Amino acid sequence: MLFLIILGSIVAFTAFNYLLKVVSPEKVATSTYVNPIIALLLGWFFWMNK
């Protein structure tokens, strides 16, 4: 669990910084709403396919 928390934080932080460099801050702010949905879908997918 600790591994997933650390890895997820690193990936999210890296993606956030990359998006800030590439697109406008308004579009980056939408990632705050999209990321939890993607995390839930990935969690559900891996849970159902274990």
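Residues numbered from 1 in each chain as written. Predicted model: local features only at pLDDT ≥ 70, side-chain atom pairs only at ≥ 80, totals over all residues. Heavy atoms only, no water.

Q: Run through the environment of Val34, naming residues and quoting values.
A: Mapped onto the secondary structure, Val34 falls in helix 3 (residues 31–48). Along the primary structure Val34 and Phe13 are separated by 21 residues, whereas in three dimensions their C-alpha atoms are 14 Å apart. (Helix = DSSP H or I, 4+ residues; strand = E, 2+ residues; numbered from the N terminus.)

Q: Give me a nonpolar patch on the surface: which residues, what numbers.
A: Together, Tyr33, Val34, Ile38, Leu42, Trp44, Phe45, Phe46, Trp47 and Met48 make up an exposed nonpolar region whose accessible area comes to about 1,100 Å². Within the fold, Leu42 resides in helix 3. Looking at Leu42, the relative accessible area reads 45%, which means it is partly exposed. (Patch = residues over 30% accessible without salt bridge, like charges linked within 9 Å, V, L, I, M, F, W, Y side chains within 5 Å. Areas by Shrake-Rupley, 256 points an atom, 1.4 Å probe, with all protein chains shown as cover. Salt bridge = Lys/Arg side-chain N within 4 Å of Asp/Glu carboxyl O. Buried < 20%, exposed > 50% of the residue type's maximum accessible area, 1.4 Å probe, protein only.)

Q: Describe in detail the packing of aromatic side chains, supporting the description with residues and values.
A: If you walk through the whole model with that rule in mind, you get one aromatic pair. Summarising the aromatic geometry, the rings of Phe45 and Phe46 are spaced 5.5 Å apart at their centres and angled 70° between planes, so their arrangement reads as edge-to-face. For Phe46, a relative accessible area of 55% puts it in the exposed group. (Phe/Tyr/Trp six-rings, centres within 6.5 Å; stacked < 30°, edge-to-face > 60°.)

Q: Explain the environment of Ala12 to me, using residue names and the numbers behind them.
A: Relative to the elements of secondary structure, Ala12 occurs in helix 1 (residues 2–22). Its relative accessible area of 38% is what places Ala12 among the partly exposed residues. Distance in space between the C-alpha atoms of Ala12 and Val22 is 15 Å, their sequence separation being 10 residues.

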